[in-house]
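# Fold and geometry: a report
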Amino acid sequence: MLVALIARDMPGKIELRRENRAAHLDYIEETGLVTQAGPLIVDGEMAGSLVILDVETMEQAKDWADNDPYAKVGLFESVNLIEWKKVIG
């Protein structure tokens, strides 16, 4: 199943994002569950994340989200997980 993870950063935490970006990208590579990903942009700055996970269960998606280095350092103000159906692309 595909799951969209939509996360919004805490205001004023761009440096925290930058400091942990390499660990976040390594985590994406190591887990092998991400099919698409990228930052959300607000006023020209990274302000959140959109990650499409290919997982067996929603619990697996929640586990992935909880163990993301960005989540572990408290970057996110909110994280939403929702099953997603790819139609185009």
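Higher on the page you've got the structure.
Residues numbered from 1 in each chain as written. Predicted model: local features only at pLDDT ≥ 70, side-chain atom pairs only at ≥ 80, totals over all residues. Heavy atoms only, no water.

## Topic: the side chain of Ser49
So the rule is basically this: Numbering of helices and strands runs from the N terminus; a helix is a DSSP stretch of H or I covering at least four residues, while a strand is a stretch of E covering at least two. Definition of a polar contact: a pair of N or O atoms within 3.5 Å, with one able to donate and the other able to accept a hydrogen when the atoms are protein atoms, and with sequence-neighbouring residues admitted only if both atoms are side-chain atoms. Whether two residues are in contact is decided by their heavy atoms, any of which lying within 4.5 Å being enough.
Within the secondary structure, Ser49 is located in strand E3 (residues 45-54). There is a polar contact of 3.0 Å between the side chain of Ser49 and the side chain of Arg17. When sequence neighbours within four positions are dropped, the list of residues in contact with Ser49 reads Leu5, Ile6, Ala7, Arg17, Gly38, Pro39, Leu40, Tyr70 and Phe76.

## Topic: the sheet that holds strand E1 (residues 2-9)
As a reminder of what qualifies: In this analysis, strands are considered paired if DSSP registers two or more bridges between them. Helix axes are fitted only over the stretch in contact, all axes being lines through C-alpha atoms; the angle between N-to-C directions runs from 0 to 180 degrees.
Taken in spatial order, the four strands line up as E2-E3-E1-E4 in an open sheet, and their pairing is antiparallel. Because the sheet does not close on itself, it has two edges, and the strands there are strand E2 (34-42) and strand E4 (76-84). On average, each strand axis in the sheet is tilted by 15° relative to the strand beside it, whichever way the strands run. The sheet contact formed by E2 and E3 spans eight bridges and is antiparallel. Looking across to E3, one finds that Ile41 is bridged to Met46. Taken strand by strand, helix H1 (residues 14-31) contacts E1, E2, E3 and E4, and its axis lies near 20° from that of E3.

## Describing the pairing of E1
The condition that has to hold: Whether a residue is buried, partly exposed or exposed follows from its accessible area with a 1.4 Å probe, protein chains only, as a fraction of its type maximum: under 20%, in between, or over 50%, in that order.
Taking burial as the measure, the eight residues of E1 include six buried ones, the bulk of the element. When E1 meets E3, the two strands line up antiparallel, connected through seven bridges. Paired with Val3 across the strands is Leu53, a residue of E3. In this sheet, E4 lies alongside E1 in antiparallel orientation, the contact comprising eight bridges. Bridge pairing in E4 links Asp9 to Phe76.

## Thoughts on the packing of aromatic side chains
This is how the line gets drawn: Between 30 and 60 degrees the pair is tilted, below 30 it is stacked and above 60 it is edge-to-face, where a pair is any two Phe, Tyr or Trp rings, Trp via its six-membered ring, whose centres lie within 6.5 Å.
For the coordinates displayed, the defined rule picks out two aromatic pairs. Ring centres of Tyr27 and Trp64 lie 4.8 Å apart, and the angle between their planes is 35°; this geometry places the pair in the tilted category. Residue Tyr27 is located in helix H1, and its partner Trp64 is located in helix H2 (residues 58-67); the two are separated by 37 residues in the primary sequence. The burial state of Tyr27 is the same as that of Trp64; both residues are buried.

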